[in-house]
Amino acid sequence: MTPVAGRGAGAAPRSVDVARLAGVSQKTVSRVMNDEPYVSEDVRRRVLAAAEELGYRSNNAARALASGRTRSIGVVTLGTALYGPASLLMGVERAVRDTGYALRVVNTMEGETAGIAGAVDSLLDQGVDGIVISEPIDEEDGADLSARVDVPVLVLGAPPPFTAPHVVTAGIVSSQMARAATEHLLELGHTTVHHLAGPQRWYSARDRLDGWRAALGAHGRGEPPVIVCDWSAASGYAAGRELVADPGVTAVFAANDDMAIGLIRALTEAGRRVPEDVSVVGFDDIPVAAYVTPPLTTVRQPFDAIAQDGLKLLVHAIENPQAHPLPMTDPPVELVVRSSSAPPPPHQAPGHTRTARSPRT
């Protein structure tokens, strides 16, 4: 195919450009884009190839309306009922409602090939003015969205590799929160802290593991082997069954509250009292955390504040494309101390440091 002449640099491609590049009429381009019949497979392939080469989308005409925008924001999020992603999505929905924009959500599925890329393409085809990516896991094959995104993007958490006119980030600094949880246990007098980690394809699980390690390193403490779980209470329970075999375990930081609750059940069944024998700290502050026995010490995530601050940045980028991005401040770390954490049993020698072992990640 030959280059299209007569278009200014950076101008959005039009159906007439696709028609010229593919060597067909503009009406034929319309038929292909609307998936109408009576178009040969050869012509369809040529039109689609030209559209892909030019970066043409059928919603370009809608974007060129008087306002230049559709007043809608798209969200890419993992299709899960887990507390963290679901709560962040609810926060985004509330924040978008306050901006006066419509919301369009596309869910990805864990393990789905190129899930983020497909979701972004779907939202761009719907003519959204900005995109929120709240995708908490790595894609197996790595998503390459370079040169595909032509609207401002807000990334909540760790970003996939892509480029866009404006990329703004807002997120939960999980490593700092995990460090605060671990340091709370060390400051109570525990010589070290064991860790139940989340699945390592999740950015947040890796961040919490890093925060735990940073706290132990800063205090000169050894790292016990890491037990990798799957966010569920059942996996925390299984990990607890493993930990009860070690009488030296006096403190555990779990990467979410569900795993912490499962862990407490296993400890209790084995006759290990919480917190008299073993202190437990979770992460998230799920609604039930204050009502389990004992009430769970945990780190509270400010989902609504992060969503509101992030949407403010995104709307500013949409409505002021030439302006500098607004400054973003990190949310404060909020440790909620309840009854599941306490000083270690008196038989533990203060100041004793265990020998470091290679973590099992």
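Refer to the structure printed above.
First, a word on scope: everything that follows refers to the structure included in this document. None of these values were measured; they are calculated from a predicted model. (Residues numbered from 1 in each chain as written. Predicted model: local features only at pLDDT ≥ 70, side-chain atom pairs only at ≥ 80, totals over all residues. Heavy atoms only, no water.)

**A look at unusual backbone geometry**
Turning to step 1, where the next piece is worked out: A cis amide bond links Val274 with the next residue in sequence, Pro275, at an omega value of 10°.
Turning to step 2, where the next piece is worked out: Tracing the backbone shows Pro275 in the loop between helix H10 (257–269) and strand S9 (279–281).
Turning to step 3, where the next piece is worked out: Cis peptide bonds are those with omega within 30 degrees of zero, and the linkage from Thr293 to Pro294 qualifies with -10°.
Turning to step 4, where the next piece is worked out: Note that Pro294 resides in the loop between S9 and strand S10 (298–300). (Helix = DSSP H or I, 4+ residues; strand = E, 2+ residues; numbered from the N terminus.)

**Some points on the pairing of strand S2 (residues 102–108)**
The side chains of a regular strand alternate, first on one face of the sheet and then on the other.
Turning to step 1, where the next piece is worked out: Inspection of the sheet shows strand S1 (residues 72–78) paired to S2 by seven bridges, in the parallel sense. If you follow Thr77 over to S2, its bridge partner there is Asn107.
Turning to step 2, where the next piece is worked out: For the segment spanning S1, helix H5 (residues 83–99) and S2, crossover handedness is right-handed. (Pairing = 2+ DSSP bridges. Right-handed = clockwise from strand over helix to strand, strands pointing away.)

**What to know about the nonpolar core**
Turning to step 1, where the next piece is worked out: Core analysis: the largest hydrophobic core is formed by 26 residues, its most contacted members being Leu196, Leu243, Val252, Leu263, Val280 and Leu296.
Turning to step 2, where the next piece is worked out: For this core, the secondary-structure elements that each account for two or more residues are helix H9 (233–243), strand S8 (251–254) and H10.
Turning to step 3, where the next piece is worked out: Looking at this core element by element, the count peaks at five residues for H10.
Turning to step 4, where the next piece is worked out: Look past the residues within four positions of Leu263 in its chain and what remains in contact with it is Leu196, Gly236, Tyr237, Gly240, Leu243, Val252 and Val280. (Core = buried A, V, L, I, M, F, W, Y, C linked by side-chain atoms within 4.5 Å. Buried < 20%, exposed > 50% of the residue type's maximum accessible area, 1.4 Å probe, protein only. Contact = heavy atoms within 4.5 Å.)

**Some thoughts on the sheet that holds S9**
Turning to step 1, where the next piece is worked out: Strand order in the open sheet formed by four strands is S7-S6-S8-S9, with parallel pairing between adjacent strands. Looking at the sheet topology across the chains shown, the edges are occupied by strand S7 (227–228) and S9.
Turning to step 2, where the next piece is worked out: Across three bridges, strand S6 (residues 194–197) lies against S8 in parallel orientation. Residue pairing across strands places His194 opposite Val252, the latter belonging to S8.
Turning to step 3, where the next piece is worked out: H9 rests against S6, S7 and S8 of the sheet, and its axis sits at about 150° to S6.
Turning to step 4, where the next piece is worked out: Contacts from H10 reach S6, S8 and S9, with the element oriented near 165° to S9. (Axes fitted to C-alpha atoms, helices over the stretch in contact; angles between N-to-C directions.)

**Concerning the sheet that holds S1**
Sheet strands pair via backbone hydrogen bonds, and the direction of the pair is either parallel or antiparallel.
Turning to step 1, where the next piece is worked out: Taken together, the five strands give an open sheet; going across it, the order is S2-S1-S3-S4-S5, and neighbouring strands pair in parallel fashion. Edge strands, defined here as strands with exactly one partner in the open sheet, are S2 and strand S5 (167–170). Adjacent strand axes in the sheet meet at a mean angle of 20°, parallel and antiparallel pairs treated alike.
Turning to step 2, where the next piece is worked out: Pairing of S1 with strand S3 (residues 130–134) involves five bridges; the strand directions are parallel.

**A look at the pattern of salt bridges**
Turning to step 1, where the next piece is worked out: Taken as a whole and judged by the stated rule, the model has twelve salt bridges.
Turning to step 2, where the next piece is worked out: The salt bridge involving Arg273 is made with Asp277; its shortest N-O contact spans 3.2 Å.
Turning to step 3, where the next piece is worked out: Owing to a relative accessible area of 49%, Arg273 belongs among the partly exposed residues under this scheme.
Turning to step 4, where the next piece is worked out: Judged by its relative accessible area of 16%, Asp277 falls in the buried class.
Turning to step 5, where the next piece is worked out: Asp285 serves as the salt-bridge partner of Arg300, at 2.7 Å between the closest nitrogen and oxygen. Here Arg300, found in strand S10, pairs with Asp285, found in the loop between S9 and S10; they are 15 residues apart in sequence, far enough to count as distant.
Turning to step 6, where the next piece is worked out: Under the relative-accessibility criterion, Arg300 is labelled partly exposed at 30%. (Salt bridge = Lys/Arg side-chain N within 4 Å of Asp/Glu carboxyl O.)

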